[in-house]
Amino acid sequence: MSKSFKFTSFIIAVLMIAVIFSGCTKSNSTSASSDTIKVGALYELTGGVATFGTSALNGAKLYIDEVNKNGGVLGKKIVLLKADNKSQTDESINQATKLIQQDKVIAILGPTTSTNTIAASSVAMQNHIPLITGSATAVSVTVDPATNKVKNEIFRACFIDPYQGSVMAQFATKKLNAKTAVVYMDDKSDYSKGLAQSFKDQFEKLGGKVIDQEAYVAGDQDFKAALTKIKSLNPDVIFIPGYYQETGKIAKQARDMGIEVPLLGGDGWDSPELLKIAGASALNNVYYSNHFISTDPDPTVQDFIKKYKDTYGTEPDAMAALAYDTAGMLVQAIKDANSTDPAKIIDALSKLKDFKGVTGTITINSQHNAVKSAVIIELKDGKQNFVEKVAAQ
């Protein structure tokens, strides 16, 4: 046998082995994809707002587990791949990239905060993968402020900042008879700035006056200087749009300084940690807008609460309920599209109407926002009490 013939035979053998292994790999991949649907769960599991992310992951997982127990969707089981953005924007980008490019997810649920969602959404848009956030309320989450164009791949299960800011301004003027207000906001947070602006606009439209605006930054510990100034102005209400780590400290220091006027806020106040940070005595005469309250008698709400408590041993907060709804919206979109193709899921999400969720009946509007009602909660010694439900506008 000649050397050339031996070499040729060797090459042919190697190529045949490569084809065989390639065929096996392709077959395994096809088999795996036919049995499962990969979905990313990108949340703040550690870092500054870890209670938000932990609750949200629990809520999303609860819904997905229910779907899988009932046979999945389109005959496939959903695999929820969790990722921790560590409450940071750069890590939101990194983890979104990994979920899409390495894990090959067909959609992402989360994050919880506006800033982190905006960061992750840039990756989702580049890769044409749908992303549904449960609780990112800044307008710029779904609409590009530079072009005013809707972000095709991005959706949410919550109302937006202008809505809840307006709701709280109306509550302040009509229910609390407030004529003057001070706004104390986190000027590095898209969420806080958006709420502050919408509250101010509506409050003054209704005849009130914002007599001062003070600022802090996430991570601050001492708020006494700003609170001393605010106390001297003696406003009827203080609007503090922020997250529980800071708002809890602000509430405690304000009450310690003898500031007893109503403290108002948005859904960022809603966390089990708030009571631990502020203490019960500081959390009186406090009101904030939210998406959900556990005392709502709606059977859908009560059924969710029971399932959540049975699974996790604790009562769910709004972040858990909203994430549960995002998972439901995704599953409904997959059913409506009759496909796991991201482009078809995006189209189905844009047409979602009258989806019955735990946090209300959700219809997605032209800006990919959820049209739904808001709840106003009063805290008495740190315990939630239902005040009123404000119909969707």
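What this report covers is the structure whose coordinates are included nearby. This structure is a prediction, so every number in the text was calculated from the model and none was measured.

**Some words on the pairing of strand 10 (residues 286-290)**
At step 1: Where burial is concerned, most of strand 10 is hidden: five out of the five residues are buried.
At step 2: Of the two faces of strand 10, the one lined by Val 286, Tyr 288 and Asn 290 and the one lined by Tyr 287 and Ser 289 are each fully buried.
At step 3: In terms of strand pairing, strand 9 (residues 263-265) meets strand 10 through three bridges, oriented parallel. Bridge pairing in strand 10 places Gly 265 opposite Tyr 288.
At step 4: Where the polypeptide runs from strand 9 across helix 9 (residues 273-278) and back to strand 10, its parallel neighbour, the crossover connection is right-handed.
At step 5: The sheet contact formed by strand 10 and strand 14 (residues 374-380) spans five bridges and is antiparallel. Residue pairing across strands places Tyr 288 opposite Ile 377, the latter belonging to strand 14.

**A short note on the packing of helix 5 (residues 161-174) against helix 6 (residues 190-205)**
At step 1: It is at 7 Å that the axes of helix 5 and helix 6 come closest, and there the two elements cross at 45 degrees. Classed by the angle they form, the pair helix 5 and helix 6 counts as oblique. Handedness of the helix 5/helix 6 crossing: right-handed. Of the residues in helix 6, those in contact with Asp 161, Pro 162, Gln 164, Gly 165, Ser 166, Met 168, Ala 169, Gln 170, Ala 172 and Thr 173 of helix 5 are Asp 190, Tyr 191, Gly 194, Leu 195, Ser 198, Phe 199, Gln 202 and Phe 203.

**Some thoughts on the side chain of Ser 92**
At step 1: Among the structural elements, Ser 92 can be located in helix 3 (residues 89-102).
At step 2: The residues touching Ser 92, leaving out its near neighbours within four places in the chain, are Leu 42, Asn 85, Asn 116, Ala 119 and Ala 120.

**Describing the packing of aromatic side chains**
At step 1: Counted by the stated rule, this structure contains 15 aromatic pairs.
At step 2: On the numbers, 5.3 Å between centres and 85 degrees between planes, the contact of Tyr 184 with Tyr 216 is edge-to-face. Of this pair, Tyr 184 sits in strand 6 (residues 180-186) while Tyr 216 is found in strand 7 (residues 209-216), placing the two residues 32 residues apart along the sequence.
At step 3: Look at Tyr 184 and you get buried, because its relative accessible area is 2%.
At step 4: On the numbers, 5.7 Å between centres and 85 degrees between planes, the contact of Tyr 216 with Phe 223 is edge-to-face.

**Description of the pattern of salt bridges**
At step 1: In the structure shown here, the tally under the stated rule is 15 salt bridges.
At step 2: Its salt-bridge partner being Lys 61, residue Asp 65 comes within 2.9 Å of it at the nearest N-O pair. Pair noted here: Asp 65 and Lys 61 are both in helix 2 (residues 50-69), with a separation of four residues, about one helical turn.
At step 3: When its relative accessible area of 30% is taken as the criterion, Asp 65 is described as partly exposed.
At step 4: A salt bridge links Lys 229 to Asp 212; the shortest N-O distance between them is 3.7 Å. In this pair, Lys 229 sits in helix 7 (residues 224-233) while Asp 212 sits in strand 7, placing the two residues 17 residues apart along the sequence.

Conventions adopted
Residues numbered from 1 in each chain as written. Predicted model: local features only at pLDDT ≥ 70, side-chain atom pairs only at ≥ 80, totals over all residues. Heavy atoms only, no water. Buried < 20%, exposed > 50% of the residue type's maximum accessible area, 1.4 Å probe, protein only. Helix = DSSP H or I, 4+ residues; strand = E, 2+ residues; numbered from the N terminus. Pairing = 2+ DSSP bridges. Right-handed = clockwise from strand over helix to strand, strands pointing away. Axes fitted to C-alpha atoms, helices over the stretch in contact; angles between N-to-C directions. Parallel < 35°, antiparallel > 145°, perpendicular 65-115°, else oblique. Left-handed = near helix turned anticlockwise from the far one by under 90°. Contact = heavy atoms within 4.5 Å. Phe/Tyr/Trp six-rings, centres within 6.5 Å; stacked < 30°, edge-to-face > 60°. Salt bridge = Lys/Arg side-chain N within 4 Å of Asp/Glu carboxyl O.

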